[in-house]
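Next come the chains, spelled out residue by residue.
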2 protein chains.
Amino acid sequence: MDKNPVSKATLGRLPSYLNYLRELPQDEYKHISATAIAKYLNLGEVQVRKDLAAVSGAGKPKVGYNTKDLISRLEDYLGYNKITNAVLVGAGKLGMALMHFEEFERYGVKIVAAFDLPEKIGDADSHVNLLPMNEFENYCTSQNIKLGIITVGEDAAQSVCNRMVKTGIKAIWNFAPCKIDVPNGVLLKSENLALSLAHLNNKLLNS
Amino acid sequence: MDKNPVSKATLGRLPSYLNYLRELPQDEYKHISATAIAKYLNLGEVQVRKDLAAVSGAGKPKVGYNTKDLISRLEDYLGYNKITNAVLVGAGKLGMALMHFEEFERYGVKIVAAFDLPEKIGDADSHVNLLPMNEFENYCTSQNIKLGIITVGEDAAQSVCNRMVKTGIKAIWNFAPCKIDVPNGVLLKSENLALSLAHLNNKLLNS
C-alpha cells in the first residue's frame, strides 16, 4: 500500500468514494469497478483509478476492486479507524467555532481540548473541554497529542507554537495572521483568512 | 497602471510595503528605491521590483519611486481608500467569528451586516448588525453590496448563493463544505476548512 500523502483534490474525493461503497448492498457487490464508481459519482474514470491506486493499488482486470477491502483501505487511509486527537490554543470566537465543527470528525480528527489563559476561560462555552494554559504540557504529553491548532493572535502565536513543538506535537494548523517558524520534522499549515478575503476583494475590484 | 489581479503571495506583501512607506519621514524620503525597501523588509530586490511594478509601474532609474505617489497607488490597489462592504449569511459560530475579525478591515473589507433566519437571530451577539433573512434582498440592493460570505450549512448554501447572485453580488466567499455553482461573471472562492485539516492530518499519519 502506497502511504504517500495524496493531493488535496484526491483527498477531497476519497470520502465520497467511501460513502458510495458503504451504501452498496455488500452481498450483491462483492466487487466494484472504477467505471461504476466514476459513473455514479459523475467523475472521470481515469481520475477514479488514479485516486484509488494511491490508497489501494489497482483493481483486478474485469473484476474490479474487492469492495470490503477497498472500504477498509479508504477508512485506514483517511484515518477513520484511528481518530487523531488534536488540541487547540486560543479559545476566542474562531477557536470556539472550530471546536464546534462537526465536519472534522468525518475526516478523522477530533479536537479533544482547547486551552487559553485562565482568566479567559471563565466566560467561554462549557460544551467543550476547556483548560488553562498551565495544564497544556501535561495534557499533551499524557494524551500523546500530535496535532495542534493555533487560534491566538499574532503576538502569542510563535510562543504557543514553540510550546506545542516542545510537547511533541508534529503538525500545526495556524490561523494567526503571521509567519511562524517550526523546526524540521514538524508540519505547518497556515490559514490566513484575511488574505484569502483580500485576494477575492482584489479580484472583484480589478475585474 | 496595471489593474490585473496580482498573486496571493504578492498581495500578502503589499501591506508591508505600505506600512514601511507610511512610516518614513516624508520630507526626508521624497523618493525611495526598491533596494532600500527590499533591504528593510528582508526581501529579494527582484521580487520587490516585480511586486511594485504590478501596482505602480517601474521606479525611475537612480531616483526610485516617488514615495507619496507609491503610497497612494498601494492604497488604491489594496482598496484601502475604498472599503468594500460585504454581507454574511449564517450567523452561527463561524459567521460570528468572521464578523469579529479585525484583520479584514486592514485589507479593505468591512462586513456590514450578517443575516440569518429570524428565529436564530435572537440569541446572537448584538455587537454586529444582525438582520433577518427576509430583509436580505432589500439591504443588499439598497447598499449596493458586491461581496457576500456564506457560512450556512451544506443544505442551504446553494440557495443562499442564488439569492446573493440575484441581488447583484459579484464575489462570493463560501465556507459551506460543499460545491456550489455560480454563473459566469461571479467570482467564487471556497474555503473547506475540514479538508484543509484532513490534508494536514493525512500528511501527519503518512509521514
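Look up: the structure comes first, before these words.
All figures in this text were calculated on a predicted structure; none of them were measured in a lab. The numbering scheme is per chain: residues are counted from 1 as the chain's sequence reads. Whichever chain is written first is A, and whichever ligand is written first is 1; the rest continue in order. Per-residue local features of the predicted model are confined to residues with pLDDT of at least 70, and side-chain atom pairs are confined, for both listing and counting, to 80 or more; whole-chain, interface and lining totals are unaffected and use all residues. With hydrogens and water set aside, each side-chain value is computed from the structure's full complement of heavy atoms.

Undergrad: Hey, could you run me through the sheet that holds strand β3 (residues 84-89) of chain A in this one?
TA: Hydrogen bonds along the backbone pair up the strands of a sheet, which may run parallel or antiparallel. Residue and element names in this part refer to chain A. When DSSP finds two or more bridges between a pair of strands, those strands are recorded as paired. What counts as a helix is a DSSP run of H or I of at least four residues, what counts as a strand is a run of E of at least two, and both are numbered from the N terminus. In spatial order, the strands read β5-β4-β3-β6-β7-β8; together these six strands make up an open sheet with parallel pairing. The open sheet is flanked by β5 (130-132) and β8 (187-190), the only strands paired with a single partner. Averaged over neighbouring strand pairs, the angle between their axes works out to 25° when direction is ignored. Both strand β4 (residues 109-116) and β5 contribute to a ladder of three bridges, which runs parallel. Only the stretch in contact is used when fitting a helix axis, every axis being a line fitted to C-alpha atoms; angles between N-to-C directions are given from 0 to 180 degrees.

Undergrad: Where do I start with the relation of the copies chain B and chain A in this structure?
TA: Between the two copies of the chain lies a relationship made up of a rotation around an axis and a movement along it. The atoms used to superpose the copies are C-alpha atoms, taken from residues with pLDDT of at least 70 in both, and the fit is least squares. After a rotation of 180° and a shift along the axis of 0.0 Å, chain B superposes on chain A with an RMSD of 0.1 Å. A rotation of that kind, with that shift, is consistent with a two-fold axis.

Undergrad: Explain the sheet that holds strand β5 (residues 130-132) of chain B here, please?
TA: What the six strands build is an open sheet, ordered β5-β4-β3-β6-β7-β8 (chain B); its pairing is parallel. Two strands close off the open sheet at either side, each with one partner strand: β5 and β8 (187-190) of chain B. Averaged over all neighbouring strand pairs, the angle between strand axes comes to 25°, with direction disregarded. Strand contacts of helix α10 (residues 193-205) of chain A: β3 (84-89), β4 (109-116), β6 (147-150), β7 (171-174) and β8 of chain B, with the helix running at about 160° to β7 of chain B, the strand carrying the most contacts. The contact definition used throughout considers only heavy atoms, calling two residues in contact when any of these lie within 4.5 Å. Helix α9 (residues 154-167) of chain B contacts β3, β6 and β7 of chain B of the sheet and is inclined by roughly 170° relative to β6 of chain B.

Undergrad: In this structure, what is going on with the packing of helix α2 (residues 34-41) of chain B against helix α3 (residues 45-56) of chain B? I would like to understand it.
TA: Between two packed helices, the angle of one axis relative to the other and the distance separating the axes together describe the packing. All names here are of chain B. At their nearest, the axes of α2 and α3 sit 8 Å apart, and the two run at 115° to each other. For α2 against α3, the interelement crossing comes out right-handed. Here Ala34, Thr35, Ile37 and Ala38 of α2 lie close against α3, whose contacting residues are Glu45, Val48, Arg49 and Leu52. Of the residues assigned to the contact of α2 with α3, the class counts are five nonpolar, one polar and two charged. In this scheme the crossing of two helices becomes right-handed for a clockwise turn of the near helix relative to the far one and left-handed for an anticlockwise turn of less than a right angle. Residues are grouped as follows: nonpolar covers Ala, Val, Leu, Ile, Met, Phe, Trp, Tyr, Cys and Pro; charged covers Asp, Glu, Lys and Arg; every other residue, Gly included, is treated as polar.

Undergrad: What's the story with the pairing of β7 of chain B in this structure? I'm lost.
TA: Every other side chain in a regular strand lies on the same face of the sheet, so the side chains alternate between the two faces. All names here are of chain B. Between buried and exposed lies partly exposed: a residue is buried under 20% and exposed over 50% of the maximum accessible area for its type, with that area taken using a 1.4 Å probe on protein chains only. By the alternation rule, side chains of β7 split into Ala171 and Trp173 and Ile172 and Asn174, which are all buried. Of the pairings in the sheet, the one linking β6 to β7 comprises four bridges and is parallel in character. Each bridged residue has a counterpart across the sheet, and for leucine 147 the counterpart in β7 is alanine 171. When the strands point away from the viewer and the path from the first strand over the helix to the second turns clockwise, the crossover is right-handed. Remark: the β6/α9/β7 crossover connection has right-handed handedness. As paired strands, β7 and β8 are joined by four bridges and run parallel to one another. Opposite tryptophan 173, over in β8, you have lysine 189 as the bridge partner.

Undergrad: Is there a simple way to think about the pattern of salt bridges in this case?
TA: Side-chain pairing between opposite charges can occur once the charged atoms of the two side chains come close. All names here are of chain B. By definition here, a salt bridge exists when the distance from a side-chain nitrogen of Lys or Arg to a carboxyl oxygen of Asp or Glu is within 4 Å. Using the criterion set out here, one finds 12 salt bridges over all chains in the structure. Its salt-bridge partner being lysine 189, residue glutamate 191 comes within 3.9 Å of it at the nearest N-O pair. Judged by relative accessible area, which is 22%, lysine 189 ranks as partly exposed.

Undergrad: What's the story with the packing of helix α1 (residues 8-23) of chain B against α3 of chain B in this structure? I'm lost.
TA: Residue and element names in this part refer to chain B. As a packed pair, α1 and α3 sit with axes 10 Å apart at the nearest point and diverge in direction by 90°. The angle between α1 and α3 places the two elements in the roughly perpendicular class. The residues of α3 that touch α1, namely those facing Thr10, Arg13, Leu14 and Tyr17, are Gln47, Val48, Asp51, Leu52 and Val55. Broken down by class, the residue content of the contact of α1 with α3 amounts to five nonpolar, two polar and two charged. Throughout this description, any angle smaller than 35 degrees is read as roughly parallel, any larger than 145 degrees as roughly antiparallel, any in the 65 to 115 degree range as roughly perpendicular, and the remainder as oblique.

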